[in-house]
Amino acid sequence: MLADLLNLKTLETDYSFILENLVARQSAAIQTVKKCQTLVLSKLILHYFNEYTDIEDFRGLTSTDWVFMKTLYPDLQVELILAIDNASRRVFEFIISPNMPISRLEYSSVGFNAGTEIPALFDHLLACQTNEHLVTLHLDWEEPSQNLSSTFIPFLQACKKLKCLELFTISPISGVDILLKSWLENRPESLEKVIIDVSNVHEEDDFPGWINITDYAFLLKLVGLNIMVNLHI
């Protein structure tokens, strides 16, 4: 099908048997790659919501599959949208593989404490060298953000192409002020736009951190970062 759609640049689909079969057929087409040089597919948008789809139903795309896809479509970039619950570690290790050219990642936890999962996610992304491709990261982190200093900051520093960060989290906000302070000292070079949204802020308990965040955000704006921080009581 794709071989007949010579001008197709963007394909959006869910992670399913359809996708697996499509990639398998494209991998088989590597034998006739010279005939496919005019293909211009450059964006593959993948959705996975494990509330509706169980990974046990799939074979899973391998690193080799993505090598074949990159051979057929040299400019291919993947936008991956994940919404997962307490099977998260298993899900992202299954779906995200080396050689998968993820330029945009949206990760949302669904109704669970993600504290032990987020560090594992970052470790896995680094192991797959996803940080080498990532341009946009949207993280919906439904837990207090103390882990920012130990897990998030080193990962962001390893993302050399990251331009846009969108972080949605809940209070306490101490991790956010540590994150912004670190950028005053050593901001990721490529980072241009930041949106941080913190819910459940308790005015009395979080007031010192709130002041720090406001001050740090102001200073980051002065040095050229397009940053917006929303704190919701």
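The preceding data block contains the structure.
Description of the structure in this document.

Parameters and conventions
Residues numbered from 1 in each chain as written. Predicted model: local features only at pLDDT ≥ 70, side-chain atom pairs only at ≥ 80, totals over all residues. Heavy atoms only, no water. Helix = DSSP H or I, 4+ residues; strand = E, 2+ residues; numbered from the N terminus. Buried < 20%, exposed > 50% of the residue type's maximum accessible area, 1.4 Å probe, protein only. Contact = heavy atoms within 4.5 Å. Areas by Shrake-Rupley, 256 points an atom, 1.4 Å probe, with all protein chains shown as cover. Arc of directions from axis to C-beta. Salt bridge = Lys/Arg side-chain N within 4 Å of Asp/Glu carboxyl O. Patch = residues over 30% accessible without salt bridge, like charges linked within 9 Å, V, L, I, M, F, W, Y side chains within 5 Å. Phe/Tyr/Trp six-rings, centres within 6.5 Å; stacked < 30°, edge-to-face > 60°.

1. A closer look at the overall build of the chain
Step number 1: Secondary structure assignment for the chain yields seven helices and eight strands.
Step number 2: Within the chain, the proportion of its 233 residues that are buried is 49%.
Step number 3: Across the chain, every contact between residues at least 6 apart in sequence was considered, and the portion connecting residues at least 24 apart equals 82%.
Step number 4: Summed over all atoms, the accessible surface of the chain reaches about 11,500 Å², with 52% contributed by carbon and sulfur.

2. Section: helix H2 (residues 63-72)
Given 3.6 residues per turn, any residue in an α-helix points the same way as the ones three and four places further on.
Step number 1: Within H2 the residues assigned to the buried category are Asp 65, Trp 66, Met 69 and Leu 72. Here the buried residues of H2 occupy an arc of 120° about the axis, which is enough to place them on one side.

3. Examining the environment of Pro 74
Step number 1: Inspection of the secondary structure puts Pro 74 in the loop between H2 and strand E3 (77-84).
Step number 2: A relative accessible area of 55% places Pro 74 in the exposed class.

4. Comments concerning the pattern of salt bridges
Step number 1: Scanning all chains against the criterion turns up four salt bridges.
Step number 2: When the shortest N-O distance is used, the salt bridge between Lys 43 and Glu 79 registers 3.6 Å. You can see Lys 43 sitting in strand E2 (residues 43-49) and its partner Glu 79 sitting in strand E3, a full 36 residues away along the chain.
Step number 3: A relative accessible area of 31% means that Lys 43 is categorised as partly exposed.
Step number 4: Its salt-bridge partner being Arg 59, residue Asp 65 comes within 3.5 Å of it at the nearest N-O pair.

5. Thoughts on a nonpolar patch on the surface
Step number 1: A cluster of nonpolar side chains, Leu 184, Phe 218, Leu 219, Leu 222 and Val 223, forms an exposed patch at the surface whose accessible area comes to about 480 Å².
Step number 2: Sort the elements by how many residues they give to the nonpolar patch and helix H7 (residues 203-222) lands first, with three residues.
Step number 3: By the element assignment, Leu 219 lies in helix H7.
Step number 4: On the accessibility criterion, Leu 219 (36% relative accessible area) is partly exposed.

6. A closer look at the packing of aromatic side chains
Step number 1: Enumeration according to the criterion identifies four aromatic pairs in this entry.
Step number 2: When the centroid spacing of 6.4 Å and the interplanar angle of 90° are considered together, the rings of Tyr 15 and Tyr 48 count as edge-to-face. One end of the pair, Tyr 15, is in the loop between strand E1 (10-14) and helix H1 (17-28); the other, Tyr 48, is in strand E2, with 33 residues separating them in the sequence. Side by side, Tyr 15 and Tyr 48 carry an identical accessibility label, which is buried.

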